[in-house]
Amino acid sequence: MISGSPTFFQQRGRSNRPVIRWRPPKDTWNWTSEPRNEKPFFTPSNFTHKLPPTANETELLAHMATLKRNYSRLLWDNDKSTNLPLFVDKALKLLNLKQVYYEVEHSVMSRVSCTACKAGAGLLQHYIKLGKSKEEINKMIFQFCVSLNIQSARVCEGITRLFGSEVVYVLKRITIGPDEICSFVIGDACGDVYNPYHEWEVSFPPVQKPPTQSLDAPVEKAPTFKVLQISDTHFDPYYAEGANAECNEPLCCRVSSGPALTPGGGAGRWGDYRKCDTPKRTIDHMLKHIADTHPDIDYILWTGDLPPHDVWNQTKEENLKVLQETVAQMSDMFPGVPIFPALGNHESSPVNSFPPPYISTPESNIGWLYNELDAQWRRWLPAGVSHTVRRGAFYSVLVRPGFRIISLNMNYCNNKNWWLLMNSTDPATELQWLIYELQSAEFSGEKVHIIGHIPPGHSDCIKVWSRNYYAIINRYESTITAQFFGHTHFDEFEVFYDPNDLGRATSIAYVGPSVSPYYDLNLGYRIYYVDGDHDATTRLVVDHETWIMNLKDANLFGYPIWYKLYSARSAYQMQALRPQDWDKFIDDMTYKEDIFNLYFKHYWKNSPRRGSCDGECRKRLVCDARSGRSHDRRALCGNIEARIDSTAPAPQTWRAWLYNGISVSDSPSVQQV
């Protein structure tokens, strides 16, 4: 067991995963099956709402030759006396770094990224084993980054400064090697390597699951709640109209990006399709539009990612300032409207760094962020949730009698959160706490909506956490009536199934679109209509609609126009939005190309830069919709390949796409970006 890790579980052999023994969270030891005596959090001002109507090869060879020369020189300069492990030496020589960067950025991993991960982890562990100092290792990381042209010098310097010490700290304290590290971080594309430190299971209370019953469609014309979801605003306080939008860095369109170098290379007034985040004027305009167009909103789901994508240049102070300014802006624009926030992966500095409570070193403590979240969120949340917000940035609130919202910190499943390599076992006991909340809700006859940032079925969520979460959703399928996430920037959804019967849908997770256009996207937000207060309420989502701003037109004509892109039930001809209805819609997308094409248009928020979607692309997106559990595409999507191939034959199978990636992994002469 890792020193300083939680003491509530025991490591066991391979045949028996560590099990977290069931017990309620602290301060709740005397819980019973009696309903909780808790006052509802808000009284809606509106009890009903009308539902909406229906490089060419020569250049690449030269580039790879340069990379190999730089690589050889770097190894000679950094390690003249010691040979590298053979697999590291071979892997680094074969790396197609442009593809690796593309895959990491898009969370679409292949054997190319797996090779890069093993080479990088092996190289770092090699230098740690040699006793190199933190400063020496950071210098080596910076030199590799610059000389191999991975990023500009200032980005390499910032990344090394922000991430180097943290990565070295973690790698010094783990005993696993590159195979286990990269299987954990990348998932199935890097092999399913057994690792006893990352095999664990939550424990359920000794209460039998209620009999499953088929869900009836919500009563037509019954009262509803009107709910706004805003996600991934990525407000950039340094956005500058006319600045270079083609800067070859992770984020452009800023004063520091310099002036445009080409006639069409300047940042647009209202945003830009290239690697640029959201200017303040655009967020202001959107919020005013929402307040004017939807004055009858009952409550807001705010699912995280507030700071911009300048991940090499962030400080704790800057990120806190963005948090404070955006919270004040939301409060001013929607006075009196309850807002339920969830934490994104960009709120920390460095990005994705969320140490669990057992990491208690002063320089790594996450209290600087969680304490400020508690202070800022307190204007909307009851004082009783302060303890869990400060501990792990999650909470539970009774919204109405019989209706609860639970907000999760999904960074504890984030595979880019390096701290989890030390011990991923239910960080901050969040999932065990979730079970307690859901069991109490079941006893009280409450229905629950879960909100968070990273979707649990997304490849960014580690496999073991996602598997445990999937089991929780299955156990409490009668209590959980909807889930809401963000993170991907696309307009999509995930369906959950009974693990013992993958043909029976049990739950639906809505993945809301991003406000940020980063990148190639229009800006968007979601409106949901939730079954409201009446005797037969289901608390299901009755319908939802996506609103967007066409960024091309806004910049062309000088003024943004927000409009409703589609309503789900009308566009997809769905009887209702129950899990089984979404499962049927997935079937329709596999067989009917016109239905999939409509979904693809909405997925991209009708962006003019969306391109086409071939058979492999179609398989991936349909499989994403069927994957509420991450890194398990074989089990969840086994039939999709044959179904789609029967209507639109493709040269590759989805397995080939998953493991071979978007270009040939071992050939330096072929690349697709």
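Fair warning: this is a prediction, and the values are worked out from it, not measured in the lab. (Residues numbered from 1 in each chain as written. Predicted model: local features only at pLDDT ≥ 70, side-chain atom pairs only at ≥ 80, totals over all residues. Heavy atoms only, no water.)

**Comments concerning the pattern of salt bridges**
Scanning all chains against the criterion turns up 35 salt bridges. Put simply, E477 and K209 hold a salt bridge, and the shortest N to O gap is 2.7 Å. Of this pair, E477 sits in the loop between α13 (463–475) and β7 (480–485) while K209 sits in the loop between α7 (178–186) and β1 (224–230), placing them 268 residues apart in sequence. E477 gets classed as buried once you look at its relative accessible area, which sits at 13%. Residue R620 is joined to D624 by a salt bridge in which the shortest nitrogen-to-oxygen separation is 4.0 Å. In this pair, R620 and D624 are both assigned in helix α18 (residues 615–626), four residues apart and thus about one turn of the helix distant. Salt bridges here are not isolated pairs; linked through shared partners, they connect K209, E477, D498 and R504. (Salt bridge = Lys/Arg side-chain N within 4 Å of Asp/Glu carboxyl O. Helix = DSSP H or I, 4+ residues; strand = E, 2+ residues; numbered from the N terminus. Buried < 20%, exposed > 50% of the residue type's maximum accessible area, 1.4 Å probe, protein only.)

**A word on the nonpolar core**
Ranked by size, the top nonpolar core spans 156 residues in total, and within it F340, L434, W465, Y469, F493 and W582 carry the most contacts. Leaving out residues up to four positions away in the same chain, F493 has contacts with I508, A509, V511, W582, F585, I586, M589, Y599, D624 and A625. (Core = buried A, V, L, I, M, F, W, Y, C linked by side-chain atoms within 4.5 Å. Contact = heavy atoms within 4.5 Å.)

**Some words on the sheet that holds strand β8 (residues 492–498)**
The strand order across the open sheet built from six strands is β4-β5-β6-β7-β9-β8, with neighbouring strands paired in mixed fashion. Two strands bound the open sheet, and with one partner strand each, they are β4 (395–400) and β8. Strand-to-strand twist across the sheet, computed as the mean angle between neighbouring axes with direction ignored, equals 30°. Alignment of β7 against strand β9 (residues 501–511), held across three bridges, turns out to be parallel. Note on β9: the bridge partner recorded for F485 is V511. (Pairing = 2+ DSSP bridges. Axes fitted to C-alpha atoms, helices over the stretch in contact; angles between N-to-C directions.)

**Looking at the confidence of the model for the chain**
Across the chain, the average pLDDT comes to 85, with 80% of residues at 70 or higher. Under a pLDDT of 50 for its full length, residues 27–31 has, in the predicted model, eight contacts with residues more than four places off or in other chains. Low pLDDT (under 50) marks residues 52–57, which in the prediction has 11 contacts with non-local residues, meaning those over four places away or in another chain. (pLDDT = per-residue confidence, 0-100.)

**Quick word on the side chain of S348**
Within the secondary structure, S348 sits in the loop between β3 (339–341) and α10 (367–377). Accessibility expressed as a relative area gives 1% for S348, which makes it buried. In this structure, S348 is in contact with Q314, N319, S353, F354, I366, W368 and L369, ignoring residues within four places of it in sequence.

**Some details on the sheet that holds strand β10 (residues 523–531)**
The six strands lie next to each other as β3-β2-β1-β10-β11-β12, forming an open sheet whose pairing is mixed. Since the sheet does not close on itself, it has two edges, and those belong to β3 and β12 (562–567), each with one partner. With strand direction ignored, the average angle separating the axes of adjacent strands in the sheet is 25°. Summarising the sheet, strand β2 (residues 299–302) and β3 pair through three bridges and their orientation is parallel. What sits directly across from I300, in β3, is I339.

**Thoughts on the state of the cysteines**
Throughout the structure, instances matching the rule amount to eight disulfides. Each disulfide pairs two cysteine sulfurs, and for C623 the partner residue is C637, the sulfurs being separated by 1.9 Å. One disulfide, between C623 and C637, carries an S-S torsion of 85° and so falls in the right-handed class. Taken together, the residues span a long stretch of sequence, with C623 in helix α18 and C637 in the loop between α19 (633–636) and α20 (640–647) at a distance of 14 residues. According to the relative accessible area criterion, C623 is buried, its value standing at 3%. (Disulfide = S-S within 2.5 Å.)

**Looking at the side chain of E437**
Residue position: E437 is located in helix α12 (residues 430–444). Overall, E437 belongs to the buried group, its relative accessible area being 8%. At 2.8 Å, the side chain of E437 forms a polar contact with the side chain of S396. (Polar contact = N/O pair within 3.5 Å; in protein donor to acceptor, adjacent residues only side chain to side chain.)

**Brief notes about the environment of E442**
Summarising the element assignment, E442 is placed in helix α12. Excluding residues within four positions of it along the chain, E442 makes contact with V207, Q208, P210, R475, Y476 and T479. Within the structure, E442 has its side chain in polar contact with the side chain of Q439 (distance 3.1 Å).

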